[in-house]
Amino acid sequence: MAGGKGTRIASVASDIPKPLIPVEGVPVLHRVIDCAVRQGFTDITLVTGHLGAMIEESCGDGSRLGCRIKYFRETEPLGTAGALYHLYDSLSDDFYLLNADAVMDIDLSRMRDFHFAHGGAATVLVHPNSHPFDSSLLAVGKDFLAEKWYKKGELRSSYRNRVNAGVHILRKAEIKRFLDGSKRDLDRDILTPLVNERRVYAYESPEYIKDMGTPGRYAEVCADVRSGKVSARNLSSKQRAVFLDRDGTLNVYKGFVTSPDMIELIPGVAEAVKMINRSDMLAIMISNQPVVARGDCTFEQLDEINGRLEALLGDEGAYLDDIFCCPHHPDKGFDGERPELKFDCGCRKPKPGLILQAAEKYNIDISRSVMVGDRLNDLLCGKNAGCRKTVFLGNELPDGAPEGAERYDSLLSFTQNNFGN
Ligand SMILES: [Zn+2]
């Protein structure tokens, strides 16, 4: 979709269409096309409108860019999906719908595999961002089924930071009924009804996708392309992570947390997480939450508690790339417990299961990653998983700490010493 104007970024470039704004000398649209071509996706249709002739001149028939490009130029604006009606016969059964004005580098095959494995009418890529409060968020349920769409600014005190990144795979036979040749908004007119029918899946990815809606974001994107962060985040490359414990590391320790209002960020934590977000490492929470097995809270309530933590971080522009919790506990025989969760699992720290799950999901090289926490169990979990480094937050290293474990007073002092410029 290469039709949009670039009004808010007019101070950077006002005389060219937004998809042709140069990022480190290369138009952003050429970067998107290059990302697809490198991965073997070579049939591309560009939907143009405003200043479409310039885009056609810049990309030609695609041969210079290693692909075949067709064009559909809108004579009147058809919204973000209306053109699909006119393109219908030339579309593949399942096709990617991308924005031409965001810098991205994603593993397209990985997302395609997810799409076919889940069999939805649509797959939407969601990722955490630094401004969830003015983004549209997707509530995601069991097995990554999209359950509800929250509009921009529809603020809640607790939400999972899963923002629609503007990268979709659509199954054409299932969207046909929404198209009639007139203007269509993809989110409102197609994806929202499909979410309500429980036909959309959310593909979670920390890969780099950023629009350049403001001069500030434009400058950030340019810096990230220069530093190599954009390409390094592609999940076909090995990732590095900082694994973070929750209670006592991110939020003030208050014993078992059973409701969202018990979550209070430790001072400096948002700043610390932001330093990780700006680095080339993922920020991934790894937490034992036996409160579920004990019957003190449900999975839904645990999600709300974690959502409160994400909302508080999001208010400060910080985010976690993902959250992994162990809901189990080994000891049976207490009132109100959930017997099906009472067993000796492989994911309760100090066992390495949660880190191994995260590594599988995001292609993480554990031997170049770090585990941080305020308990001996955190350090042992990091060691058992094979982390390069384990970091203890507190006054002194506990007895039994793995060899080489480091100690800092707080998460902020750890990041200032390891992620400062
Ligand atoms: Zn477990």
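None of the values given here were measured: they were computed from a predicted structure. (Residues numbered from 1 in each chain as written. Predicted model: local features only at pLDDT ≥ 70, side-chain atom pairs only at ≥ 80, totals over all residues. Heavy atoms only, no water.)

Let's shift gears to the overall build of the protein chain. A count of helical and extended segments in the protein chain gives 13 helices and 18 strands. Relative to a compact globule of 421 residues, whose C-alpha radius of gyration would be 22 Å, the protein chain shows 23 Å and is just as compact. Here the protein chain holds 421 residues, and 54% of them are scored as buried. Long-range pairs, those at least 24 residues apart, make up 68% of the contacts in the protein chain between residues at least 6 apart in sequence. By element, 47% of the accessible surface of the protein chain is carried by carbon and sulfur atoms, the whole surface being about 18,400 Å². (Helix = DSSP H or I, 4+ residues; strand = E, 2+ residues; numbered from the N terminus. Rg over C-alpha atoms; globule rule 2.2 N^0.38 Å. Buried < 20%, exposed > 50% of the residue type's maximum accessible area, 1.4 Å probe, protein only. Contact = heavy atoms within 4.5 Å. Areas by Shrake-Rupley, 256 points an atom, 1.4 Å probe, with all protein chains shown as cover.)

Before going further, it helps to examine unusual backbone geometry. With an omega of 15°, the peptide bond running from K349 to P350 counts as cis. Take P350: it is sitting in the loop between β15 (322–326) and α11 (353–362). The backbone of F144 sits at a positive phi, close to 65°, despite the residue not being glycine.

Right, let's talk about the pairing of strand β14 (residues 281–288) for a bit. Most of β14 is tucked away, with eight of its eight residues classed as buried. Burial along β14 is two-sided: M281, A283, M285 and S287 and L282, I284, I286 and N288, pointing in opposite directions, are all buried. As defined by bridge partners, strand β13 (residues 240–244) adjoins β14 across five bridges and the pair is classed as parallel. Following the sheet pairing, R240 is matched in β14 by M281. Of the crossover connections in this fold, the one passing from β13 over helix α9 (residues 269–278) to the parallel β14 is right-handed. (Pairing = 2+ DSSP bridges. Right-handed = clockwise from strand over helix to strand, strands pointing away.)

On to helix α1 (residues 28–38), then. With eight of eleven residues buried, α1 lies mostly within the body of the structure. Buried within α1 we find V28, L29, H30, V32, I33, C35, A36 and V37. Following α1 by one or two positions, G40 adopts a phi angle in the positive range, close to 90°.

To continue, consider the sheet that holds β13. Taking strand neighbours across the sheet as the criterion, the six strands line up as β15-β14-β13-β16-β17-β18 in an open arrangement whose pairing is parallel. Among the strands making up the open sheet, the edge pair consists of β15 and β18 (406–408). The average undirected angle you get between the axes of adjacent strands in this sheet is 25°. Note that strand β17 (residues 389–393) and β18 share three bridges and pair parallel. Across the sheet, residue L393 finds its bridge partner in β18, namely Y408. Relative to the sheet, helix α10 (residues 299–315) contacts β14 and β15, its axis offset from that of β15 by approximately 145°. Where helix α12 (residues 376–385) meets the sheet, it contacts β16 (370–373) and β17, and its direction lies at approximately 175° from that of β17. (Axes fitted to C-alpha atoms, helices over the stretch in contact; angles between N-to-C directions.)

This brings us to the domain arrangement of the protein chain. Assigned domains of the protein chain: these are domain 1 (7–215) and domain 2 (238–418). For domain 1 and domain 2, the distance between their C-alpha centroids amounts to 33 Å. At the interface, 16 residues of domain 1 touch 19 residues of domain 2. At the boundary of domain 1 and domain 2, one finds three salt bridges. For E204, the salt bridge identified is with K361, shortest N-O distance 2.4 Å. (Domains from an automatic or database assignment. Salt bridge = Lys/Arg side-chain N within 4 Å of Asp/Glu carboxyl O.)

Here we come to the coordination of the zinc ion. The protein atoms that coordinate the zinc ion are C326 (SG), H328 (ND1), C345 (SG) and C347 (SG), at distances of 2.0 to 2.3 Å. Considering all four donor atoms around the zinc ion, angles at the metal cover 102 to 118° and the coordination shape is tetrahedral. (Donors = N, O, S within 2.8 Å, 3.2 Å for Na, K, Ca; no water. Tetrahedral: all angles 85-135°; square planar, octahedral: opposite > 155°, others 65-115°.)

On to the packing of α9 against helix α13 (residues 411–418). Interhelical geometry of α9 versus α13 gives an angle of 30° and a closest axis separation of 8 Å. By the angle between their axes, α9 is roughly parallel relative to α13. Once α9 is placed against α13, the crossing between them reads as left-handed. Where α9 approaches α13, its residues V269, E271, A272, V273, M275 and I276 are matched on the opposing element by L411, L412, T415 and Q416. For the contact of α9 with α13, the residue count by class is seven nonpolar, two polar and one charged. (Parallel < 35°, antiparallel > 145°, perpendicular 65-115°, else oblique. Left-handed = near helix turned anticlockwise from the far one by under 90°. Nonpolar A, V, L, I, M, F, W, Y, C, P; charged D, E, K, R; others polar.)

Another aspect to go through is the environment of A401. Relative to the helices and strands, A401 is located in the loop between β17 and β18. In the structure, A401 is positioned 25 residues away from L376 in sequence and 6.3 Å away in space, judged by C-alpha atoms. Not counting residues up to four positions away in its chain, the partners in contact with A401 are L376 and L379.

Bringing the pairing of strand β8 (residues 137–140) into the picture now. Summarising the sheet, β8 and strand β9 (residues 146–150) pair through four bridges and their orientation is antiparallel. Note on β9: the bridge partner recorded for L138 is W149. Two successive antiparallel strands, β8 and β9, enclose a turn made up of five residues, where D143 displays a positive phi of approximately 55°.

Let's shift gears to the nonpolar core. It is characteristic of soluble globular proteins that their nonpolar side chains tend to be buried jointly. Judged by nonpolar contacts, the single largest core of 39 residues is most densely connected at V167, F243, I284, I355 and I364. Looking at this core, the element that brings in the most residues is α11, giving five residues. Counting only domains with at least three residues in this core, you end up with domain 1 (7–215) and domain 2 (238–418). Here V167 is in contact with Y96, L97, L98, M104, I106, M111, T123, V124, L125 and I209, once residues within four sequence places are set aside. Residues I263, A270, I276 and I323 belong to the second largest nonpolar core, which totals 37 residues. (Core = buried A, V, L, I, M, F, W, Y, C linked by side-chain atoms within 4.5 Å.)

Turning our eyes to something else, we now look at the packing of aromatic side chains. Summed over all chains, the structure comprises five aromatic pairs. Between the aromatic rings of F114 and F144, the centroid separation amounts to 5.8 Å while the plane-to-plane angle is 70°, which identifies the pairing as edge-to-face. One end of the pair, F114, is in helix α4 (residues 108–118); the other, F144, is in the loop between β8 and β9, and 30 residues separate them in sequence. According to the relative accessible area criterion, F114 is buried, its value standing at 12%. (Phe/Tyr/Trp six-rings, centres within 6.5 Å; stacked < 30°, edge-to-face > 60°.)

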